[in-house]
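What the coordinates show
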Amino acid sequence: MPVQFRVLTTHIGAEVEGIDLREPLSSAQAEEIHAAMDRYAVLVFHDQPLTNEQHLAFTSVLGPLENTANILRTAADFRLPPVFADVSNLDGRNQPYGAEDRRRLFAIGNRLWHSDSSFKAVPAKYSLLRAVRIPSKGGNTEFAHMVAAYDALDAETRAEIEDLICEHSQIFSRQQLGFTDFTDEERARFTPVRQRLVRTHPVTGRKSLYLASHAGGIVGWPVPEARAFLRDLVEHATQRQFVYAHRWRVHDLVMWDNRQTMHRARPFPAHEPRDMRRTTLAGDGPTTAQVA
Ligand SMILES: [Fe+2]
């Protein structure tokens, strides 16, 4: 059966039907999926009861994987092969983190709008997130379409932002929530990287806003002015007409293009397990030159 791309009711994203991700993907199917990603930026696959190995195999056919850092987990806490980002709220014994657990509080940063690994010099291409267990309520993931948001800017703003360079670090996103107790080792690891504010999609040639809560400065701008300006842009880019809210079902796999979208998690009851597992495709290169 050919792969069917059914467009969701919003202008962002498509639901994909007619494909079993447990089966090896043909190169023709992989090309179709890439083309759909270029076009829709978010693809939703329902009813895909994958093993970790199948999830990984599907990802690998689409491109090289990013070396994912499970930021605060120690080896004893690893539930998944290290190539996965463990986006669950579960420790190594599959128990939800306590309310005051540092790992839980750090992960609350994912409730701020962001693009995965924008704090890395070479940021991520696609993320593929699979729902294994979901809470009884809440826990949606929302996606904002940064191409549509760019297109809606006025000409003066587009000209102003065209060549701006931002500095991204997880320190900046966590600071916004009052999470500031980083170790010296973490501060060194979270050294800011530079990203263009306006990206051009390598296939479609369309421009998009490259924003994230990790962005804490604009090169050459005073910090308060930069942060206020970035905050205004995020507010613009996340208006409801640019946003799709995904309500998870168990065995959903959602794939998004981090170059064209921002996303955020929504709250859920902290004591309930939410088991989400992510693989990530590496980006092609830096968006701008880095400073030593
Ligand atoms: Fe994320």
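A brief structural summary. (Residues numbered from 1 in each chain as written. Predicted model: local features only at pLDDT ≥ 70, side-chain atom pairs only at ≥ 80, totals over all residues. Heavy atoms only, no water.)

Quick notes on the sheet that holds strand E12 (residues 243-246)
Where we set the bar: Only strands joined by at least two bridges in the DSSP assignment are considered to pair. Put simply, DSSP marks the helices as runs of H or I at least four residues long and the strands as runs of E at least two long, and each gets a number from the N terminus on. Axis lines are fitted to C-alpha atoms, over the contacting stretch for helices. Their N-to-C directions set the angle, which ranges from 0 to 180 degrees.
Taken in spatial order, the 3 strands line up as E12-E6-E14 in an open sheet, and their pairing is antiparallel. Both outer strands of the open sheet, E12 and strand E14 (261-265), are each paired with one neighbouring strand and no more. Across this sheet, the average inter-strand angle for adjacent strands is 20°, counted without regard to direction. Across 5 bridges, strand E6 (residues 141-145) lies against E14 in antiparallel orientation. Residue pairing for E14: Ala144 is matched across the bridge by Met262.

Observations concerning empty space enclosed by the protein
By rolling a water-sized probe across the atoms, one finds the places where empty space is left. Selection criterion: A pocket here means an open set of points on a 1 Å grid, computed over the protein atoms alone, that has protein on both sides within 12 Å along at least five of seven lines. A cavity is instead a set of points where a 1.4 Å probe fits but cannot get out; residues with an atom within 4 Å of a point line either one. Grid points are joined across faces, edges and corners, and a volume is the space filled by probe spheres set on the points. Each residue gets one of three labels, nonpolar for Ala, Val, Leu, Ile, Met, Phe, Trp, Tyr, Cys and Pro, charged for Asp, Glu, Lys and Arg, and polar for the others, Gly among them.
Overall, the coordinates contain 1 cavity of 30 Å³ or more when judged by the stated rule. Within this model, the largest cavity holds a volume of roughly 810 Å³. Put simply, the parts of the chain that give the lining of the largest cavity at least two residues each are strand E4 (85-86), helix H3 (102-107), helix H6 (170-175) and E14. Of the residues belonging to the lining of the largest cavity, the class tally is 15 nonpolar, 11 polar and 12 charged.

Looking at unusual backbone geometry
Here is the rule we go by: Here the term buried applies to any residue with accessible area under 20% of the maximum for its type, exposed to any over 50%, and partly exposed to those in between, with areas from a 1.4 Å probe on protein chains only.
At Asn94, a residue that is not glycine, the phi angle is positive and equals roughly 65°. For Asn94, the position within the fold is in the loop between E4 and H3. A positive phi is found at His251, a non-glycine position, where the angle reads about 75°. Residue classification places His251 among the partly exposed positions, given a relative accessible area of 33%.

Some points on the packing of aromatic side chains
Here the distance between the centres and the angle between the planes together describe a pair of aromatic rings. Using the following cut-off: Side-chain rings of Phe, Tyr and Trp, where Trp is taken by its six-membered ring, are said to pair if the distance between their centres is within 6.5 Å; with planes under 30 degrees apart they count as stacked, over 60 as edge-to-face, and otherwise as tilted.
As enumerated under the stated definition, the model contains 9 aromatic pairs in all. Between Phe45 and Phe58 the ring centres are 5.9 Å apart and the planes differ by 75°, which places this aromatic pair in the edge-to-face class. One end of the pair, Phe45, is in strand E3 (residues 42-45); the other, Phe58, is in helix H2 (residues 52-62), and 13 residues separate them in sequence. Like Phe45, the residue Phe58 is buried in the burial classification. Seen in terms of ring centroids, Phe106 and Phe179 are 5.5 Å apart; in terms of plane orientation they differ by 75°. Their pairing is edge-to-face. Residue Phe106 is found in helix H3, and its partner Phe179 is found in the loop between H6 and helix H7 (184-189); the two are separated by 73 residues along the sequence.

So, the sheet that holds strand E11 (residues 215-218)
Note the following rule: Here a residue-residue contact requires only that any non-hydrogen atoms of the pair lie within 4.5 Å.
Reading across the sheet, the 3 strands line up as E8-E7-E11 and stay open at both edges, with antiparallel pairing between neighbours. Edge positions in the sheet fall to strand E8 (193-196) and E11, since each has one partner strand and no second. Taken over all neighbouring pairs, the strand axes of this sheet differ in orientation by 40° on average, direction set aside. Examined bridge by bridge, strand E7 (residues 165-168) and E11 share 3 bridges and lie antiparallel to one another. When the sheet's bridge partners are listed, Cys166 is paired in E11 with Ile218. Most of the contacts of helix H8 (residues 223-237) go to E11, to which it runs at about 120°, and overall it touches E7 and E11.

Here's the deal with the nonpolar core
What counts here: Take the buried residues of types Ala, Val, Leu, Ile, Met, Phe, Trp, Tyr and Cys, join any two whose side-chain atoms come within 4.5 Å, and each joined set is a nonpolar core.
By size, the foremost hydrophobic cluster in this structure holds 25 residues, and its most contacted members are Ile161, Leu197, Leu209, Leu211 and Leu233. At the level of secondary structure, the elements contributing two or more residues to this core comprise helix H4 (146-151), E11 and H8. If we skip the residues at most four places from it in the chain, Leu209 touches Met146, Ala149, Tyr150, Leu153, Ile161, Leu197, Leu233, His236 and Ala237.

Focus on a negative patch on the surface
Where we set the bar: Exposure above 30% relative accessible area and the lack of any salt bridge qualify a residue for a patch; like charges then connect within 9 Å, and the nonpolar side chains Val, Leu, Ile, Met, Phe, Trp and Tyr within 5 Å. Surface exposure here means Shrake-Rupley accessible area, sampled with a 1.4 Å probe, where a residue is shielded only by the protein chains that are shown. Salt bridges are identified by distance alone: a Lys or Arg side-chain nitrogen within 4 Å of an Asp or Glu carboxyl oxygen. Counting rule applied: Lys, Arg positive; Asp, Glu negative; His and chain ends not counted. For charged residues, the charge sits on one atom: NZ in Lys, CZ in Arg, CG in Asp, CD in Glu.
There is a patch of like negative charges on the surface, built from Asp154, Glu156, Glu160 and Glu225. Along the polypeptide, Asp154 turns up in the loop between H4 and helix H5 (155-161). Exposure remark for Asp154: the relative accessible area of 46% places this residue in the partly exposed category.

A closer look at the environment of Gln4
Along the chain, Gln4 turns up in strand E1 (residues 4-7). Sequence-wise, Gln4 and Glu17 are 13 residues apart; in three dimensions their C-alpha atoms are separated by 4.9 Å. Here Gln4 is in contact with Glu15, Val16 and Glu17, once residues within four sequence places are set aside.

Examining H8
What counts, and what does not: Expected span of a helix: the number of residues minus one, times 1.5 Å. As used here, the arc belongs to the directions running from the helix axis to the C-beta atoms.
Its 15 residues place the ends of H8 21 Å apart at the C-alpha level, agreeing with the 21 Å of an ideal helix rising 1.5 Å per residue. Among all positions in H8, only Ala226, Phe229, Leu230, Leu233, Val234, His236 and Ala237 are buried. Viewed along the axis of H8, the buried residues span an arc of 160°, placing them on a single side of the element. The exposed set on the far side of H8, more than 90 degrees from its buried face, consists of Pro224, Arg231, Asp232 and Glu235.

Geometric values such as these leave the question of function open.
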